[in-house]
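# Survey of secondary and tertiary structure
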Amino acid sequence: MIRSLPLPILAAMASVASAHCPWLYVTEDSHPRLFFGESLSDREYHLPEAVSAAEVWQTGIDAPKKRLEMATIEEDGFVGLESEDPIEPRGRLQTTIEYGCYHGTKLLYYVQHLPADNPSAWPDEPADGALQLQLDSEGDELVVSAVWESAPLAGATITLTHERGDAKDKLTSKTDKAGVARFPLDEVAEGLNGLSLMHVDKNDRGEVDGEPYTSATHYLTATFNYHQEAAAKVSALPALPEAVSSFGAAACDGWVYVYSGHVGQAHDHSRENLSSHFRRARLDGTGDWEELPMGRPLQGLPLVTHGGKLYRVGGLDARNASGEEEDLHSVADFAAYDPASETWTDMPPLPAGRSSHNAVVVDGTLYVVGGWRLTGDNQGEWQAGALAFDLDVPGAAWRELPEPPFKRRALAVSHIGGQIAALCGMTDDQDLSKKVYFYDPDAESWSDGPEYPGKPFHGFGLSAWNLDGDLYASGMDGFVYRLNEDRTAWEKAGESVTKRFFHQLVPDSQGALLLVAGVSPDQGHLATTERITPQAAKTP
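What you see as residue numbers is a count from 1 along each chain, following the sequence as written. Local features in this predicted model are restricted to residues of pLDDT 70 or higher, and side-chain atom pairs are both shown and tallied only at a pLDDT of 80 or more, whereas totals for entire chains, interfaces and linings draw on every residue. The basis for the side-chain values is all heavy atoms of the structure; hydrogens and waters are excluded.

## Focus: the overall build of the protein chain
Working definition: helices are DSSP H or I runs of at least four residues, strands are E runs of at least two. Numbering for both runs from the N terminus. Looking only at helices and strands, one finds 3 helices and 46 strands in the protein chain. Each of the three principal axes of the protein chain carries a C-alpha extent, and together these read 85 × 55 × 45 Å. Each residue's exposure class comes from its accessible area (1.4 Å probe, protein chains only) as a fraction of the maximum for that residue type: buried when under 20%, exposed when over 50%, partly exposed otherwise. When burial is assessed residue by residue, the protein chain has 58% of its 540 residues classed as buried. Contact criterion: two residues are considered in contact whenever any of their non-hydrogen atoms come within 4.5 Å of each other. Considering only intrachain contacts with a sequence separation of at least 6, the fraction spanning at least 24 residues in the protein chain is 56%. Here the Shrake-Rupley method, with its probe set to 1.4 Å, supplies the accessible areas, and only the displayed protein chains count as covering residues. Here the protein chain has roughly 22,400 Å² of accessible surface; of this, 44% comes from carbon and sulfur atoms. When charges are counted, Lys and Arg contribute as positive and Asp and Glu as negative, whereas His and the chain ends are disregarded. Every charge is mapped to an atom, namely NZ of Lys, CZ of Arg, CG of Asp or CD of Glu. Both charge centroids of the protein chain, one from 42 positive and one from 81 negative side chains, sit 1 Å from each other.

## Notes on the pattern of salt bridges
Pairing between side chains of opposite charge can happen when the charged atoms of each approach one another. For this document, the term salt bridge refers to a Lys or Arg side-chain nitrogen within 4 Å of an Asp or Glu carboxyl oxygen. Overall, the coordinates contain 19 salt bridges when judged by the stated rule. D317 is the partner of R296 in a salt bridge, and the nearest nitrogen-oxygen pair spans 3.4 Å. Here D317 lies in strand β25 (residues 316-318) and R296 lies in the loop between β22 (290-292) and β23 (303-306), a separation of 21 residues in the sequence. The class of D317 is buried, set by a relative accessible area of 13%.

## Section: the sheet that holds strand β1 (residues 21-26)
What links the strands of a sheet is backbone hydrogen bonding, and the strands pair in either a parallel or an antiparallel sense. What makes two strands pair is DSSP finding at least two bridges between them. Ordered by their spatial adjacency, 4 strands build an open sheet running β1-β2-β6-β5, and the pairing between neighbours is antiparallel. Because the sheet does not close on itself, it has two edges, and the strands there are β1 and β5 (70-75). Averaged over all adjacent pairs, the angle separating strand axes in this sheet is 30°, with direction ignored. Bridge count for β1 against strand β2 (residues 32-37) is 6 bridges, and the pairing is antiparallel. Interaxial angles span 0 to 180 degrees and are taken between N-to-C directions of axes, which are lines fitted to C-alpha atoms, for helices over the stretch in contact.

## Observations concerning the packing of aromatic side chains
Two aromatic rings from Phe, Tyr or Trp, using only the six-membered ring of Trp, form a pair when their centres are within 6.5 Å; if the ring planes differ by under 30 degrees the pair is stacked, by over 60 it is edge-to-face, and anything between is tilted. For the coordinates displayed, the defined rule picks out 28 aromatic pairs. With a centroid separation of 5.2 Å and an interplanar angle of 50°, the aromatic rings of Y337 and W344 are classed as tilted. Residue classification places Y337 among the buried positions, given a relative accessible area of 1%. Site record: aromatic cluster; members linked through ring pairs are F36, Y45, Y99, Y109 and Y219. Put simply, a charge is over a ring when the Lys NZ or the Arg CZ is close to the ring centre, within 6 Å, and near the line of the ring normal, within 35 degrees. The ring of F78 has R33 sitting right over it, with the charged end atom 4.2 Å from the ring centre.

## Thoughts on the side chain of N225
The residue N225 is located in strand β18 (residues 215-226) in this model. Not counting residues within four places of it along the chain, the set of residues in contact with N225 comprises H113, L114, P115, A116, D117, W122, G191 and L192.

## A word on the environment of T223
Mapped onto the fold, T223 is located in strand β18. The class for T223 is buried, based on a relative accessible area of 1%. Separated by 112 residues in sequence, T223 and V111 place their C-alpha atoms 8.4 Å apart. Other than its neighbours up to four places away in sequence, T223 contacts W23, L24, L40, Q112, H113, L114, L192, N193 and G194.

## Observations concerning unusual backbone geometry
Unusually for a residue other than glycine, E149 sits at a positive phi of about 50°. When you line up the elements, E149 lands in the loop between β10 (141-148) and β11 (151-152).

## Let's talk about the sheet that holds strand β19 (residues 248-252)
The strand order across the open sheet built from 4 strands is β19-β20-β21-β22, with neighbouring strands paired in antiparallel fashion. A single partner strand is all that each edge strand has here, and the edge strands are β19 and β22. Between one strand axis and the next, the sheet turns through 25° on average, direction left out of account. Inspection of the sheet shows strand β20 (residues 255-259) paired to strand β21 (residues 278-282) by 5 bridges, in the antiparallel sense.

## Some points on the confidence of the model for the protein chain
Per-residue confidence for the protein chain averages 90 on the pLDDT scale, and 93% of its residues sit at or above 70. Confidence of the predictor at the level of single residues is given by pLDDT, which spans 0 to 100. Note on residues 1-14: pLDDT is under 50 here. Beyond four places in sequence and across chains, it has 36 contacts.

## Focus: the side chain of S414
Within the element layout of this structure, S414 appears in strand β36 (residues 412-416). Taking the relative accessible area as the measure of exposure, S414 reaches 3% and is therefore buried. Here a polar contact is recorded for every N or O atom pair within 3.5 Å, except that within protein the pair must consist of a potential hydrogen donor and a potential acceptor, and residues adjacent in sequence are included only if both atoms are side-chain atoms. Within the structure, the side chain of S414 is placed 3.3 Å from the backbone nitrogen of N466, a separation counted as a polar contact. What S414 contacts, discounting residues up to four positions off in sequence, is V360, Q419, I420, A421, A464, W465, N466 and L471.

Next comes the structure, spelled out in structure tokens:
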């Protein structure tokens with residue numbers, strides 16, 4: 001069958017910026033949409049048959065690519081396709097549409113969308129399809145690389161538009177010999193932007209549905225969201241090569257270290273969902289992430305530092321393959337990493353497997369609090385006791401602390417004034433808690449602290465850190481809180497651009513805190529790091 005082409009396309013074959021094209025974007029409630037319009041704001045044109053049959057895929061999400069179930073909708077202001085289910089706004093959305101033949105040319109569309117708001121979270125891996133655009137930011141420029149059949153596409157005109165403009169409101173740039181075009185970031189609009197490109201292959205010949213063609217015309221549209229303030233704030237470090245949550249992280253001698261963690265779709269647990277990487281990056285943000293010798297892939301473990309070495313304690317091992325019944329086991333591993341020799345050394349294991357716990361080092365002693373023990377299923381045996389290990393004592397062994405007045409997992413552990421602080425988490429009754437407790441090593445006793453602010457779920461998977469003698473914590477509500485001077489209440493000390501949990505707080509060595517990776521309730525797994533400089537404490 002030969003598909004007829006709309007008159008706007010036929011009249012503008014030489015310029016994709018003035019033709020009807022398919023575009024992708026994601027709604028505020030995380031539903032992908034595909035429409036056919038002359039610009040990003042033209043969303044009410046009827047869908048041609050080939051576009052209505054498009055298969056939309058989500059790729060670049062540290063998991064197998066996923067086909068989205070799309071349904072046709074018609075409403076005021078929009079005619080097109082919408083995903084039946086919301087997505088984690090990350091990776092890349094894409095589709096390739098073979099439209100048909102017209103006057104001897106075959107017409108194909110390549111459609112992409114990058115859901116993440118920040119350039120540092122855009123995927124590095126190429127899209128599917130013969131014609132591709134790769135996006136990045138360098139300094140004050142948006143860098144766009146055009147690729148045709150795996151080779152740089154030189155001399156191509158790329159057009160930049162935005163959703164508040166029309167077909168005449170555009171900026172163009174031509175690719176160099178390396179296939180790279182550049183746009184000033186101050187020309188990139190706040191919100192949804194679109195890039196478009198046309199490439200004609202005069203050597204392509206064949207038939208479509210029995211109709212011969214002697215050339216092929218390839219159109220590409222790529223959309224992305226951009227928010228200048230958020231981009232500046234969330235670019236504290238280079239993006240991690242993979243989005244990750246529930247990992248171990250620590251700062252040591254000018255570096256931030258990230259160990260393993262969970263990758264892929266949330267709530268998927270398998271060997272493939274455990275990161276097989278141990279990495280570090282400079283705290284000042286210069287340079288890229290470096291690969292380090294890796295131990296066992298794990299999630300739900302703390303990483304702490306003492307005396308120039310790093311220590312990982314426990315964690316969760318997934319022994320099943322993707323798609324199989326979950327076979328999850330908490331491990332008793334305890335190991336030390338020496339950055340000078342780049343080697344791991346096994347330490348005395350925990351008395352029993354433990355995961356979803358947390359740990360802190362105070363005065364040379366490692367304290368482990370909370371967690372549970374999984375032995376093949378997801379029921380879990382809650383760990384009531386807290387443990388201590390003297391890192392400065394040769395031949396030391398684990399010792400039990402007085403039993404805490406709580407059972408928690410997915411909690412935060414830090415310290416304040418020589419005492420151990422245990423914050424929030426999930427209880428053994430599957431409730432979420434805002435309670436805070438202190439442990440005094442000298443008195444060997446536990447006491448109550450001030451409840452964490454916000455709603456109970458804001459304290460699930462939170463992170464805490466002692467910065468310059470003050471205790472800070474960050475959870476799902478997006479605020480960074482500081483314990484006040486008399487330890488009776490929490491006060492706001494900052495706010496993150498991206499709400500996150502199952503992330504890690506680490507110091508940046510310059511008086512600020514880094515919020516590393518984690519999970520966003522809006523965006524799913526994150527690869528970005530945000531820098532927060534705490535506000536001054538309130539004076540009485």
